[in-house]
Amino acid sequence: MAGPQSLRELSPDCTSPTPPAASQILAGSLKAPLWLRAYFQGLLFSLGCGIQRHCGKVLFLGLLAFGALALGLRVAIIETDLEQLWVEVGSRVSQELHYTKEKLGEEAAYTSQMLIQTARQEGKNVLTAEALGLHLQAAFTASKVQVSLYGKSWDLNKICYKSGVPLIENGMIERMIEKLFPCVILTPLDCFWEGAKLQGGSAYLPGRPDIQWTNLDPEQLLEELGPFTSLEGFRELLDKAQVGQAYVGRPCLDPDDLQCPPTAPNHHSRQAPNVAQELSGGCYGFSHKFMHWQEELLLGGMVRDPRGQLLRAEALQSTFLLMSPRQLYEHFRGDYQTHDIGWSEEQAGIVLQAWQRRFVEVSVARHREGARGLPSSVLRATLSLQLAQEALPENSSQQIHAFSPTTLEDILHTFSEVSAARVAGGYLLMLAYACVTMLRWDCAQSQGAVGLAGVLLVALAVASGLGLCALLGIAFNAATTQVLPFLALGIGVDDIFLLAHSFTKAPPGTPLWERMGECLQRTGTSVALTSINNMVAFFMAALVPIPALRAFSLQCLPSCPPQAAVVVGCNFAAVMLIFPAILSLDLCRRHRRRLDVLCCFSSPCSARVIQILPQELGDRTVPVGIAHLTTTVQAFTHCEASSQHVVTVLPPQAHLVPPPSDPLASELFSPRGSTRDLLDQEEGSRQKAAFKSLPCACWNLAHFARYWFAPLLLQSHAKAMVLVFFGALLALSLYGATLVQDGLALTDVVPRSTKEHAFLSAQLRYFSLYEVALVTQGGFDYAHSQRALFDLHQRFSSLKAVLPPPATQAPRTWLHYYRNWLQGIQTAFDQDWASGRITRHSYRNGSEDGALAYKLLIQTGNAQEPLDFSQLTTRKLVDKEGLIPPELFYMGLTVWVSSDPLGLAASQANFYPPPPEWLHDRFDTTGENLRIPAAQPLEFAQFPFLLHGLQETADFVEAIEGARAACAEAGQAGVRAYPSGSPFLFWEQYLGLRRCFLLAVCILLVCTFLVCALLLLSPWTAVLIVLVLAMMTVELFGVMGFLGIKLSAIPVVILVASVGIGVEFTVHVALGFLTTQGSRNLRAAYALEHTFAPVTDGAVSTLLGLLMLAGSNFDFIVRYFFMVLTVLTLLGLLHGLVLLPVLLSILGPPPEVVQMYKESPRVLSPTAAQEGRLRWGVSASLPQSYARVTTSMTVTFHPPPLPGAYIHSASDESAWSSVATAAADTSGNPSLRGPSPTAE
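Scope of this entry: the structure provided in the associated data block.

The rules we used
Residues numbered from 1 in each chain as written. Predicted model: local features only at pLDDT ≥ 70, side-chain atom pairs only at ≥ 80, totals over all residues. Heavy atoms only, no water. Patch = residues over 30% accessible without salt bridge, like charges linked within 9 Å, V, L, I, M, F, W, Y side chains within 5 Å. Areas by Shrake-Rupley, 256 points an atom, 1.4 Å probe, with all protein chains shown as cover. Salt bridge = Lys/Arg side-chain N within 4 Å of Asp/Glu carboxyl O. Helix = DSSP H or I, 4+ residues; strand = E, 2+ residues; numbered from the N terminus. Buried < 20%, exposed > 50% of the residue type's maximum accessible area, 1.4 Å probe, protein only. Axes fitted to C-alpha atoms, helices over the stretch in contact; angles between N-to-C directions. Parallel < 35°, antiparallel > 145°, perpendicular 65-115°, else oblique. Left-handed = near helix turned anticlockwise from the far one by under 90°. Contact = heavy atoms within 4.5 Å. Nonpolar A, V, L, I, M, F, W, Y, C, P; charged D, E, K, R; others polar. Phe/Tyr/Trp six-rings, centres within 6.5 Å; stacked < 30°, edge-to-face > 60°. Lys NZ or Arg CZ within 6 Å of the ring centre and 35° of its normal. Disulfide = S-S within 2.5 Å.

1. Things to note about a nonpolar patch on the surface
A cluster of nonpolar residues, W35, L36, Y39 and L43, forms a patch on the protein surface that exposes about 460 Å² of accessible area. Here L36 is to be found in helix α1 (residues 31–53). Judged by its relative accessible area of 40%, L36 is partly exposed.

See below:
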């Protein structure tokens, strides 16, 4: 036998198929849709033929372009900043955050590092001396950590946040204060003398032991230093701050401690203090006035008696405040300790992070086993602050939970890292599945190599799409790196399976050089429809106002025309351009008789002997109707082991088979041009038995769908059961939807096996406190709006979630502190004036406060006449209504900021612009010190608050709505203000999340309807598709309720995207139904037969892609992505292959094309068919214009161009009569290549 010609030699110029004859189109409105689809399919046909003609060039250039785009991953940026990930760009919160950063800078005032202690036995009281002793050990160990960087040693005393360090003219006292000024540590230990042990500063004075807070009595120290230097101003400062004896005047937790000072109340009695009583009302830092730690900051799970007295608590909390990198940089800039290291803000940040991670190096060995299996970066985060736990005995009844911002950053970085092992595992699974499912016993029909190449192509398309995103500057995040590679793989491989499956089912008579054109003509519409819907779905998901999810959505679609395309667009281009080139090359392999996968080897069945016995049809039973026409030729093929030849025999008595008794079965078993039909038909003779093929060789998903699934599903009682089942599922889902709650806690994101998860769980349970601020902006006159500011503070303080200050403490706001300070110096002035120490012309004999009041009272604010001494007795610094005179407001602000640093720090005002520095000199004789510069009008100030009791998302939403209402009411009075803090950054999205979700889904369903209606040109079918997609979304939402998955931006994106993903399961079936002929049952069955396999393969491939998400170390990935997407895939499979065919068989649109026959006066009557006799007559069911079926034909077989393939009922070249053409018409292609050949 002559060798095969090359593919190029067999390929003449390719032309578009001839549009169908007008007589084949039903009259009326279906002419236009059919013509438009024929035109679109003609374009696809030309595209496919062109790709096949230049397959090598297309493949090379395509891979080159995609590979170049994939290199963009080298410049990818992974975003881990929570604010950048969760705050909508351009939103109200985003504008407020931008305003805050514009005025204050990027960094917060301080960072918090916390220790929480709980009893191992749940509910056990921790208000005992033993429990507090263990807490002291943990906190003390944490406070003594040091790190060495840049040749310097950094301890807590150097990097901690210190509130309001005063400026003192006395150099010796200033240096001593700098070394001794305490760190801000909020701890229950501050109720006792042991709280001083956490402060690491020390100072040296000649003739005295080292001064530390454990032995420092400020009152006694001032008395000893008084004879040597003037300390009156410093003394007044300490008195105002109510420092007293500091720590040495507090009870000792352990009276037997040798260092317990004699001034401690229980030093002599040696009695242990009543811990609950001492902690009642909270604790104080070294300043009783400005450093009051409320109970809620220190104790969790408190229980009180009926009188409100504290009885017990279940948790203790200590908080270490560290400086921000900017503060640390500013603090040591120009200092002798850093002048030789090129000190920078970046180095300051490294120092802070190194200090927080110092515990890892000490305690990794002990805690490694408990965190085994986690990535190294998570292990580092997990072990942060665990040195504190080293201080506890192994058998301790207490446990320490630790946390720091660096820990959270480490977790987020790890959360955003790509797991190479899981990505490789997922793609290897997909490669194996694609290869196995596309392998065949017949090497000419096998497509294992095509499956492998297709999966690798999709992988390259995903990489190129992500690389393009990186080049376009779209930042990556955890959703991108953890989910998108698998989700995009599953979606992309679906179309690979569809094209490959369609390529093997070319209609009889298709020339070799038109195979790819024919494939794209029949399936290109489906691929385009699913890709466009996926793009629209993710675009609608981008309406969710969360940057992280918006970036994720935009990485799944073309975000806008200038940005070309991203992942789905790259997948679409790869499937429509490059994969057809791969199929064309595989066609060359099949034509050259090469093995699949091992294409370098020839096929063992390459030599063939074909025995054909053409017969004319005699008096045979002819079935009634279009749907009853069966195969006219039976062929049996087997391979002789001795000669390695395939022998195909046509029995000499090939005849038509009578229709089965079941009408539906007669429709389902009509010829469809399938090779398996020829093998499955039996003669009932010994010759037939000899040629019977093995069941495993012909069984596949299409076979199952045709012979088992479709007949069962499309029975009347089965349809009723399907409708009842899905109705019940929908009703159950509607109930589950009522169970869905809003929210996304950090405990859902952090791995459960880490210490951080334990800390966050304990914090959420015992210390649900959030620091927030009420920010006032510029644009209004603060001096004339004092009453409105007080009213705003009062309204905000009255909110349910705001933690009220103790009744004995004034509100902790700058305006209250400022007013109270002015009232204090006014009182001092009045006393000095009454006693004569201050007169109209002199204030030197008065007190420091009296002198300050003197200078303020004489200010006029007039640049020409700035001083007026007559005002000393005619005005007050604060009027009777408690308001500051507007003309004195900004000058008094300058004096207060410079004279009361502790009050300013406690108020957390963060003024912008900051008031100018002004140093009071009571002994100035030049008079220049009398002029006080006025502060600039304020553009930024804030009132701090604490929110408590926020457990559920509804609590956050209520607090946010109340705060916003208070600001809106203040706005009516002219005060511009907004709330600031983590609850407003991360929970405000829930105010409109459900509205955004409903809006996005509704818009997407409308868009899906329009896209399907335009591409399918059948609004009827589009309505059914949209109905099924809406049911899928509702059911997925209900399943989330039963699984306990809360509604946040991430599930919303998946829910919105589910509409687009669901199109993958529905549109192929709908298109197959729309473009076939016959009754609704027949068309539904045909659609199932030809789409069941690719849809199922696509679903399995998606599940395999998602399977690797189940191995994530983050429960968040497992619950919110793997579980939800798996349920979505299963729901899509059920709705696409069960519900939709049933709906189409009941409510489907009429066919666009019907089989036409030439006029025949005689057609087999139904009665004859039922009796098995040949009776000719005019059929009442067929019009006269239908074609007649002849009783004889001659079939001439030529050697097929694809050796090794089964013998079809038609050759690859057009040499067929009307019966063969009728079989070709059932391929589901409405755009016929030409008019039916005439049967003679």
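2. Regarding unusual backbone geometry
Look at the link from Y912 to P913: it is a cis peptide, with omega at -5°. Inspection of the secondary structure puts P913 in the loop between α36 (901–907) and β16 (940–948). A positive phi angle is found at Y150, which is not glycine, with a value near 55°. Structurally, the position occupied by Y150 is in the loop between β2 (146–149) and β3 (152–155). Here the phi dihedral of A246 falls at roughly 60°; this positive angle occurs in a residue that is not glycine. Tracing the sequence through the fold places A246 in the loop between α9 (232–241) and α10 (275–279).

3. What to know about the packing of helix α39 (residues 993–1016) against helix α41 (residues 1049–1074)
Helix-helix packing is described using two parameters, namely the angle between the two axes and the distance between the axes. It is at 11 Å that the axes of α39 and α41 come closest, and there the two elements cross at 20°. The orientation of α39 relative to α41 falls into the category roughly parallel. The crossing of α39 and α41 is right-handed. The residues of α41 that touch α39, namely those facing L993, F997, A1000, V1001, L1004, L1005, T1008 and L1016, are A1049, V1052, L1055, V1056, V1059, G1060, V1063, L1071 and L1074. Class assignment for the residues of the contact of α39 with α41 results in 15 nonpolar, 2 polar and no charged.

4. Overview of the packing of aromatic side chains
Within this structure, the stated rule accounts for 32 aromatic pairs. For the ring pair Y854 and F869, a centre distance of 6.4 Å and an interplane angle of 50° mean the geometry is tilted. A residue pair is termed long-range when its members are at least 10 positions apart, and Y854 in helix α34 (residues 848–857) and F869 in the loop between α34 and α35 (886–899) qualify at 15 residues. A relative accessible area of 1% means that Y854 is categorised as buried. Pairwise contacts between aromatic rings join F780, Y782, W814, Y818, F889, Y890, W896, F911 and F943 into one cluster. Taking NZ or CZ as reference, K158 lies 5.9 Å from the ring centre of W154, over its face. Over the aromatic face of Y247 sits the side chain of R250, whose NZ or CZ is 4.5 Å from the ring centroid.

5. Notes on the state of the cysteines
Here the structure, examined in full by the defined rule, presents 3 disulfides. Sulfur-sulfur distance for the disulfide between C191 and C283 comes to 1.7 Å. Disulfide C191-C283: torsion about the S-S bond near -105°, hence left-handed. Highlighted residues: C191 in the loop between β4 (185–186) and α8 (218–225) and C283 in strand β5 (residues 283–284), separated in sequence by 92 residues. Two residues, C252 and C260, share a disulfide whose sulfurs are 2.0 Å apart. Looking down the S-S bond of the C252 and C260 bridge, the torsion is 100°, so its handedness is right-handed. We note that C252, like C260, is buried. Residue C469 stays outside any disulfide, its sulfur separated by 7.9 Å from that of C570, the closest cysteine.

That's the geometry; what it means functionally is another story.
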